[in-house]
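# Observations on the model geometry
Residues per chain, in single letters:
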Amino acid sequence: MKYIIRHILFILVIPALFTSCKDKNSEVIAEASVTDTAISELSIYNLPSVWTTQNNEAIELKELNGDVLVMVMIYTSCTAACPRLIADMRAIEAQVPDSKKGNVKYVFISIDPATDTPQRLKAFAIENDMDDEKWIFLRGTEEDTREFAAVLAVNYKKISPMDFSHSNIISVFNQKGELVHQKEGLGVNNKETVEKIVETAR
Amino acid sequence: MNLFQKTIVILICGFLSGNGVAQPQNMVTVMEGVYIPLYGVDSMAVKVASFHMDVYPVTNSEYLAFVQKFPTWKKSQVKRLFANKSYLTGWPNDDSFGDQLQPNAPVTNISWFAAKKYCECQGKRLPTIDEWEYAAMADESTADARKKKSYNQFILGWYERRNTYNEAIGSTFKNYWGIYDLHGLVWEWTSDFNSVLISGESRKDVDKDSNLFCGSAAVGASDLMNYAAFMRYAFRGSIKANYSIKNLGFRCVKDVEDQP
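Residues numbered from 1 in each chain as written. Chains lettered and ligands numbered in written order. Predicted model: local features only at pLDDT ≥ 70, side-chain atom pairs only at ≥ 80, totals over all residues. Heavy atoms only, no water.

## So, the sheet that holds strand β1 (residues 27–30) of chain B
Residues and elements named next belong to chain B. Pairing within the open sheet is antiparallel, and its three strands lie in the order β1-β4-β8. Only two strands of the sheet have a single partner each, and these edge strands are β1 and β8 (253–255). Taking the axes of each pair of neighbouring strands and ignoring which way they run, one obtains an average angle of 30° across the sheet. Here three bridges tie strand β4 (residues 51–54) to β8, and the two strands are oriented antiparallel to one another. (Pairing = 2+ DSSP bridges. Helix = DSSP H or I, 4+ residues; strand = E, 2+ residues; numbered from the N terminus. Axes fitted to C-alpha atoms, helices over the stretch in contact; angles between N-to-C directions.)

Spelled out as structure tokens, the structure:
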């Protein structure tokens, strides 16, 4: 008898499951019409994904609006390129004049969400002396991470239990979340990147 | 949750056939196995779990029905972040694919975001590169036909034919799994197309460019002779998620819920 009841319950639940896509979308449509003027077509704030910071706080990208964002995708157990990417980000930050510093955030997105828990990201931030609010470390689902990489044109692949191949791209977004600059490669001259940040930041 | 999913499968299964693995409509089951991809993990074999795959690529008329249900994906309304200007470029307006495109030809000029959303709204997803390649290495009679001359000749012959994107679905061969058109009409999006680490720009195509790619030494073609597959990987490595291209369509897959 218990099983029969359970089955009846499932039959009732199934249609609800199948319509969830529709419901979610109409929500998005409603929301979009309200905020259309605020979020432009090319803005990353159109992405609905929710991320977790190194302080274990849930965050949507659009909560970062108003700041210039300098973004890079890394993973904390990486020993080859990532330390150099971190160094590049630090070097860029150091060259931004004090008058502009308040309007710029530096965002690291993990491509290894399974390993990079908020606790691990926090430890990584402290280790690299990046534990104040201008440095943001984010972790999302595998799927949202893949999607965000697609937006940044960052390619990555897991090549062993511990390591990933990934492209090294630093991206700059303006206050509205629109991509304004990308630089590919490691330890490359970051003059242009810094100039773009200074030009964009208030 | 597991019991929950299992029960759904059992229910559907009971309704449809009464025995065997539940098979969603117009999908077939690709049974699990191991294969060595062109770009392998240190040339190691990859295990692919069983999955259901659409028998045909998604067509123009199916996609039209989708945009009518979800207007944010109409030609004039899609956000540029999610699809570039070529999105549905052959369509004369939002609600028609015109008279140049066949209703039962694969839909093309579709971005990755659009393809992904379409599948999600069917309760499905895009296949991974491994799933796609695994299913597509079959010919009519063999699960892995990659070493057969006829298999490679068919694909290379297709690469030389023009405008195959406007041919009807089902007009190529039915493969070992019961799937049509993996080769012969259009190329197809995969969920992790951006895991291919070769640059599409010829100036940047320096082998093992460690400045651009971390750990790139580990990524190399395990069988460069497999030119047909090499072309697919090179193509995937050169495109971006908002690109919409004339010979690039998609199909969806679904997990098999009751794997032993």
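## Regarding the nonpolar core
Within the largest apolar cluster, 121 residues are counted, with the highest numbers of intra-cluster contacts made by A:Phe148, B:Tyr63, B:Trp73, B:Tyr87 and B:Phe250. Other than its neighbours up to four places away in sequence, B:Phe250 contacts B:Pro57, B:Val58, B:Tyr63, B:Val107, B:Ile110, B:Ala115, B:Tyr118, B:Cys119, B:Leu126, B:Glu188 and B:Trp189. (Core = buried A, V, L, I, M, F, W, Y, C linked by side-chain atoms within 4.5 Å. Buried < 20%, exposed > 50% of the residue type's maximum accessible area, 1.4 Å probe, protein only. Contact = heavy atoms within 4.5 Å.)

## Looking at the sheet that holds strand β5 (residues 135–139) of chain A
All names here are of chain A. Across the sheet, which stays open at both edges, the seven strands sit in the order β2-β1-β5-β4-β3-β8-β9 with mixed pairing between neighbours. Pairing within the sheet leaves two strands with one partner each, and these edge strands are β2 (58–60) and β9 (179–184). Taking the axes of each pair of neighbouring strands and ignoring which way they run, one obtains an average angle of 30° across the sheet. In this sheet, β9 lies alongside strand β8 (residues 169–173) in antiparallel orientation, the contact comprising five bridges. Pairing of valine 172 across the sheet is with histidine 181, part of β9. In the packing of helix α3 (residues 82–95) onto the sheet, the strands contacted are β3 (68–74), β4 (104–110), β5 and β8, and the crossing angle to β3 comes to about 170°. Against the sheet, helix α7 (residues 191–200) touches β3, β4, β8 and β9, its axis set at about 165° to β9.

## Things to note about the packing of helix α5 (residues 149–160) of chain B against helix α6 (residues 227–238) of chain B
Residues and elements named next belong to chain B. Here α5 crosses α6 at 50°, and the two axes come no closer than 9 Å. When the interaxial angle is binned, α5 and α6 end up oblique. Of the residues in α6, those touching α5 at Asn152, Ile155, Leu156 and Tyr159 are Tyr227, Ala228, Met231 and Arg232. In terms of residue class, the contact of α5 with α6 is built from six nonpolar, one polar and one charged. (Parallel < 35°, antiparallel > 145°, perpendicular 65-115°, else oblique. Nonpolar A, V, L, I, M, F, W, Y, C, P; charged D, E, K, R; others polar.)

## Regarding the side chain of B:Asp192
If you trace the backbone, B:Asp192 turns up in the loop between β5 (187–188) and β6 (213–214). Summary of buried charges: B:Asp192 has no salt-bridge partner, and the nearest side chain of opposite charge, A:Arg146, is 5.1 Å away. Those residues in contact with B:Asp192 that lie beyond four places of it in its chain are A:Arg146, B:Thr128 and B:Ile129. (Lys, Arg positive; Asp, Glu negative; His and termini not counted. Salt bridge = Lys/Arg side-chain N within 4 Å of Asp/Glu carboxyl O.)

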